[in-house]
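# Structural characterization, general
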Amino acid sequence: MVIEHDIESCGSRAVQLSHANHPRHQRQKLEVYNEVLRRIQDSDCEEAHVPGFDDQLWLHFNRLPARYALDVNVERAEDVLAHKRLLKLAEDPASRPAFQVRLVQVYPFGGANYADSIHSDPSEIEDAQSSLNYSLKQGIHPPPTFGSSSNLEALALQTTKNNIEDGGSAMSVTPYFHRPMHEITFSTVDKPKLLSQLTSILGEMGLNIQEAHAFSTTDGFSLDVFVVEGWPNEETEELKGVLEKEIYKVKEQNMSNQGIHYAANEHYQTRIEPSPHCIQIPTDGADVWELDTNQLKYENKVGSGSFGDLYRGTYCSQDVAIKVLKPERISTDMLKEFAQEVYIMRKIRHKNVVQFIGACTRPPNLCIVTEFMSRGSLYDFLHKQRGVFKLPSLLKVAIDVSKGMNYLHQNNIIHRDLKTANLLMDENEVVKVADFGVARVQTQSGVMTAETGTYRWMAPEVIEHKPYDQKADVFSFGIALWELLTGELPYSCLTPLQAAVGVVQKGLRPTIPKTTHPKLSELLQRCWQQDPTLRPDFSETIEILQLIAKEVNDHKDKSPHGFLSALRRVHH
Ligand SMILES: Nc1ncnc2c1ncn2[C@@H]1O[C@H](COP(=O)(O)OP(=O)(O)OP(=O)(O)O)[C@@H](O)[C@H]1O
């Protein structure tokens, strides 16, 4: 997959600056603009005849990075118009994110973007052009907006080659055709992690991103264009419907206090589709999570972590945990990260995730307030109180954790520090995931401070600082589950560092007791597979654990001591 954007940063803006200062790029941009304007004016498009349209179009090119003009397929002038409309739509909070879906056909020789047209051999372009014209005459779908990617072309060539080698497939009759893909374009307000959110939505839908072009406008909007494959049908309506639902799900979780409407657009006929399920709730813009420090009462200190001390206290008479950040830990970077984490945490609401109540964000008094978990952590329960879990309660705990983690993952939050010390129990024995926020704040050196203490639970790819995804948490979950099962510290005879080396280099894993329920044993081994893609996701662990729980329950009902063992479940 090619992503022309630094996933989490304003990479395209950086690119834009360097391009913008380059006179050649300015000249090229002007040429592309003129060509696109000419094509739009030659078409029947009404918009083009509105007075001032040329100025608006120029403005459009200017608010985007120079590489937008250089990469755009000039033959797809209507795409430029569609981008302009999507960006306009995105100005209305009710329409965000604005998106459109269309079918595209990838050609091995690419489309005619500006860069191609000035750098390629003219005869090649002519050939490519004639194949394009030929294709279009055959009624095949238009090419992607940014048709120059060697990535996509290679894919098309590969298919062509395979078809020719296979011989006789329908596609080999027209050798330049590749099976259609979909192009999905989003526009919304630019924000950190937007691109990873969008890619994960597409991933959730089973779509494989073949190409992504991400642009930020100078006034804070995003334009992200994805070419995806994996949608089984040559249609867009159903895909749009599923995409809308997927976005709705994420927005509903993320912005529970705001009404959301989506705009969808196909074939460049923009329309806004208000969601029937939600209403617009007015907001006065107040930061409701900023706590009134007068209402915050400190009681005893409960413990300390790497970021500060944790106190029990009350906020407006409700029991709370107050995590006070150590002043010496506070740096500009950390404050930024702190703000980002508060921004995420305030939207998180799930029975199995420790509830964020608010924060004091006025330095130097930085603290995070959450619900108080009276039964403490599973780590303390297992290793300090020497508690044990019987299988039914172990399964209940594992299901609780899986549900909390599944929710976090659905909200694109990777915990990265999942361990029994971060699994807390309330007075009703409900287990909740904690510390997915500030625990992850990195030091200025970029080293995760919680790391060494966490090696025993850490996935090999995280230890090795390789790219990782949500499956890193599944690995940690597997280790925590083993800990619940055995009551032992993982690799207790090794130091954390020795354990880390063993896990990465020697495939070291905890030994599963022979008496373990076979399905549970299988689940543990799947969770800590070296290859993250082979690990289940949390929706699957929930299913498996529920199945085991049912089996255990059915078995217990048949046994004469069933009722007594059920009672013992709550002994801890
Ligand atoms: N919401 C809470 N309710 C009750 N106890 C909590 C709560 N959050 C944390 N604790 C307990 O307070 C102690 C300190 O927690 P804290 O999250 O600050 O550090 P940690 O998780 O132990 O270490 P680190 O942050 O370095 O990973 C731990 O014993 C933890 O179990």
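An unreviewed UniProt entry annotates the protein chain as non-specific serine/threonine protein kinase originating from Phaseolus coccineus. Listed in UniProt under the heading Sequence similarities (unreviewed entry), the comment for the protein chain reads: "Belongs to the protein kinase superfamily. TKL Ser/Thr protein kinase family. RAF subfamily."

On to the overall build of the protein chain, then. When helices and strands are counted, the protein chain shows 21 helices and 14 strands. The buried share of the protein chain, taken over its 572 residues, is 51%. For the protein chain, the proportion of contacts with a sequence separation of at least 24, taken over those separated by at least 6, is 69%. Only carbon and sulfur atoms are counted for the fraction: they give 53% of the accessible area of the protein chain, which is about 26,700 Å².

Attention now moves to empty space enclosed by the protein. For the structure shown, the criterion picks out 1 cavity of 30 Å³ or more. Of the pockets and cavities examined, the largest cavity occupies roughly 30 Å³. In terms of lining residues, the largest cavity is bounded by R416, M458, A459, V462, A472, D473 and S476. A total of 3 residues in the lining of the largest cavity trace back to one element, the largest contributor, which is helix α17 (residues 471-486).

Next up on the list: the environment of E328. Mapped onto the elements of the fold, E328 is located in the loop between β10 (318-325) and α12 (332-345). Its relative accessible area of 65% is what places E328 among the exposed residues. Expressed as a C-alpha distance, the spacing of E328 and G308, which sit 20 residues apart in the sequence, is 9.6 Å.

Quick look at the packing of aromatic side chains now. Throughout the structure, instances matching the rule amount to 9 aromatic pairs. Their ring planes at 85° and their centres at 6.2 Å tell us that Y33 and F61 sit as a pair that is edge-to-face. Of this pair, Y33 sits in helix α2 (residues 23-42) while F61 sits in helix α3 (residues 53-63), placing them 28 residues apart in sequence. With relative accessibility at 8%, the residue Y33 sits in the buried group. Looking at F61, the relative accessible area reads 0%, which means it is buried. An aromatic cluster is present here, built from Y33, W58, F61, Y68 and F215 joined pairwise through their rings. The ring centre of W58 lies 5.8 Å from the NZ or CZ of K29, which sits over that ring.

Quick look at the packing of helix α14 (residues 391-410) against α17 now. Axis separation between α14 and α17 bottoms out at 11 Å; the angle between their running directions is 165°. Relative to α17, α14 is oriented roughly antiparallel. Where α14 crosses over α17, the handedness of that crossing is right-handed. Between α14 and α17, the contacting residues are L394, V397, A398, V401, S402, M405 and H409 on the first element and D473, F477, L481, L484 and L485 on the second. Per-class residue counts for the contact of α14 with α17 are 9 nonpolar, 2 polar and 1 charged.

Moving on to the environment of E299. Within the secondary structure, E299 is located in strand β8 (residues 296-305). On the basis of relative accessibility, which here comes to 42%, the residue E299 falls in the partly exposed class. Residues E299 and Y311 lie 12 residues apart in sequence; the distance between their C-alpha atoms is 6.5 Å. Other than its neighbours up to four places away in sequence, E299 contacts Y311, R312, G313 and T314.

Our next topic: the pattern of salt bridges. Summed over all chains, the structure comprises 24 salt bridges. Linking D79 and R102 is a salt bridge whose minimum nitrogen-to-oxygen distance equals 2.9 Å. A residue pair is termed long-range when its members are at least 10 positions apart, and D79 in helix α5 (residues 77-90) and R102 in strand β2 (residues 98-104) qualify at 23 residues. Side by side, D79 and R102 carry an identical accessibility label, which is buried. Between K432 and E371 there is a salt bridge; the shortest N-O distance is 3.1 Å. Taken together, the residues K432 in strand β14 (residues 431-433) and E371 in strand β12 (residues 365-371) connect sequence positions 61 residues apart. A residue is classified by how much of its surface remains accessible, and K432, at 9% relative accessible area, is buried. Residues joined by salt bridges that share partners form a network here, namely R76, E78, D79, R102 and E183.

At a minimum axis separation of 8 Å, α2 and α5 run at an interaxial angle of 95°. Relative to α5, α2 is oriented roughly perpendicular. For the pair α2 and α5, contact is made by V36, R39 and I40 and by A77, V80 and L81, respectively. Here the contact of α2 with α5 is built from residues that sort into 5 nonpolar, no polar and 1 charged.

Taking 1.5 Å of rise per residue, the 14 residues of α5 would be expected to cover 20 Å, and the 20 Å separating its terminal C-alpha atoms lies within 8% of that figure. Among the 14 residues in α5, 11 count as buried, and that is most of the element. Of all the positions in α5, only A77, D79, V80, L81, A82, H83, K84, L86, L87, L89 and A90 are classed as buried.

This part is about the pairing of β12. Along β12, 6 of the 7 residues are buried, which leaves the element largely enclosed by surrounding structure. Note that β10 and β12 share 5 bridges and pair antiparallel. Bridging from a neighbouring strand, V324 pairs with C367 of β12. When strand β11 (residues 356-362) meets β12, the two strands line up antiparallel, connected through 6 bridges. Directly across from G358, in β12, lies its bridge partner V369.

Turning our attention to the sheet that holds β11. The 5 strands are arranged β8-β9-β10-β12-β11 in an open sheet whose pairing can be described as antiparallel. Each having just a single partner strand, β8 and β11 make up the two edges of the open sheet. Averaged over all pairs of adjacent strands, the angle between their axes in this sheet comes to 25°, without regard to strand direction.

Criteria and cut-off values
- Residues numbered from 1 in each chain as written.
- Predicted model: local features only at pLDDT ≥ 70, side-chain atom pairs only at ≥ 80, totals over all residues.
- Heavy atoms only, no water.
- UniProt positions renumbered as here; feature names shortened; annotations may be inferred.
- Helix = DSSP H or I, 4+ residues; strand = E, 2+ residues; numbered from the N terminus.
- Buried < 20%, exposed > 50% of the residue type's maximum accessible area, 1.4 Å probe, protein only.
- Contact = heavy atoms within 4.5 Å.
- Areas by Shrake-Rupley, 256 points an atom, 1.4 Å probe, with all protein chains shown as cover.
- 1 Å grid on protein atoms, 1.4 Å probe; cavity = no way out; pocket = protein on both sides within 12 Å on 5 of 7 lines; lining within 4 Å.
- Points joined across faces, edges and corners; volume = space filled by probe spheres on them.
- Phe/Tyr/Trp six-rings, centres within 6.5 Å; stacked < 30°, edge-to-face > 60°.
- Lys NZ or Arg CZ within 6 Å of the ring centre and 35° of its normal.
- Axes fitted to C-alpha atoms, helices over the stretch in contact; angles between N-to-C directions.
- Parallel < 35°, antiparallel > 145°, perpendicular 65-115°, else oblique.
- Left-handed = near helix turned anticlockwise from the far one by under 90°.
- Nonpolar A, V, L, I, M, F, W, Y, C, P; charged D, E, K, R; others polar.
- Salt bridge = Lys/Arg side-chain N within 4 Å of Asp/Glu carboxyl O.
- Expected span 1.5 Å × (residues − 1).
- Pairing = 2+ DSSP bridges.

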